[in-house]
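What follows is the residue order along each chain.
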Amino acid sequence: MKLTFRCRDVGVVCRAAISAETEEELVAKIAEHAAEAHGVTELSETLVDYAKTKVRSDDSKR
Ligand SMILES: [Zn+2]
């Protein structure tokens, strides 16, 4: 299963789409991206939880 997170979905003007195989990996990648692209050095638990609600699983390839 592939999980995808898009910055756009949380209201950030950013075209980045981050994907990973597991939620843990995805959260780590989001944190990395947030730091590099948005200067967010620390993601709060609230932010992470919110981001998780926006994660989509792309199981089907169309
Ligand atoms: Zn972004």
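Basis of the calculations
- Residues numbered from 1 in each chain as written.
- Predicted model: local features only at pLDDT ≥ 70, side-chain atom pairs only at ≥ 80, totals over all residues.
- Heavy atoms only, no water.
- Pairing = 2+ DSSP bridges.
- Helix = DSSP H or I, 4+ residues; strand = E, 2+ residues; numbered from the N terminus.
- Contact = heavy atoms within 4.5 Å.
- Axes fitted to C-alpha atoms, helices over the stretch in contact; angles between N-to-C directions.
- Donors = N, O, S within 2.8 Å, 3.2 Å for Na, K, Ca; no water.
- Tetrahedral: all angles 85-135°; square planar, octahedral: opposite > 155°, others 65-115°.
- Buried < 20%, exposed > 50% of the residue type's maximum accessible area, 1.4 Å probe, protein only.
- Core = buried A, V, L, I, M, F, W, Y, C linked by side-chain atoms within 4.5 Å.

## Some thoughts on the sheet that holds strand E1 (residues 3–6)
Inference 1: Spatially, three strands are ordered E2-E1-E3 in an open sheet, and the strand pairing comes out antiparallel. With partners counted over all chains shown, the strands left at the sheet margins are strand E2 (17–20) and strand E3 (56–57), one partner each.
Inference 2: Summarising the sheet, E1 and E3 pair through two bridges and their orientation is antiparallel. For Thr4, the partnering residue across the bridge sits in E3 and is Arg56.
Inference 3: Along the sheet, helix H1 (residues 23–38) makes contact with E1 and E2, crossing E2 at roughly 150°.

## Section: the pairing of E1
Inference 1: For E1 and E2, the ladder comprises four bridges, and the chain directions are antiparallel. Bridged to Leu3 within E2 is Ala20.

## A word on the coordination of the zinc ion
Inference 1: Protein coordination of the zinc ion is provided by Cys7 (SG), Cys14 (SG), His33 (NE2) and His38 (NE2), with donor distances spanning 2.0 to 2.3 Å.
Inference 2: Coordination at the zinc ion is tetrahedral: its four donor atoms span angles of 101 to 114° at the metal.
Inference 3: Counting gaps between the donor residues of the zinc ion yields the pattern C-x6-C-x18-H-x4-H. One end of the pair, Cys14, is in the loop between E1 and E2; the other, His33, is in helix H1, with 19 residues separating them in the sequence. Here the two residues Cys14 and His33 agree in accessibility, since each one is buried.

## Describing the nonpolar core
Inference 1: Grouped together as the largest cluster of nonpolar side chains are ten residues: Leu3, Phe5, Cys7, Cys14, Ala16, Ile18, Ala20, Leu26, Ile30 and Ala51.
Inference 2: Contributing elements (two or more residues each) for this core: E1, E2 and H1.
Inference 3: Apart from the residues lying within four places of it in its own chain, the contact partners of Cys14 are Cys7, Arg8, His33 and His38.

## Considerations on the environment of Lys29
Inference 1: In this structure, Lys29 sits in helix H1.
Inference 2: A sequence separation of 24 residues divides Lys29 from Phe5, and the C-alpha atoms of the two residues are 9.7 Å apart.
Inference 3: Beyond its immediate chain neighbours, meaning those up to four positions away, Lys29 contacts Ile18, Ser19 and Ala20.

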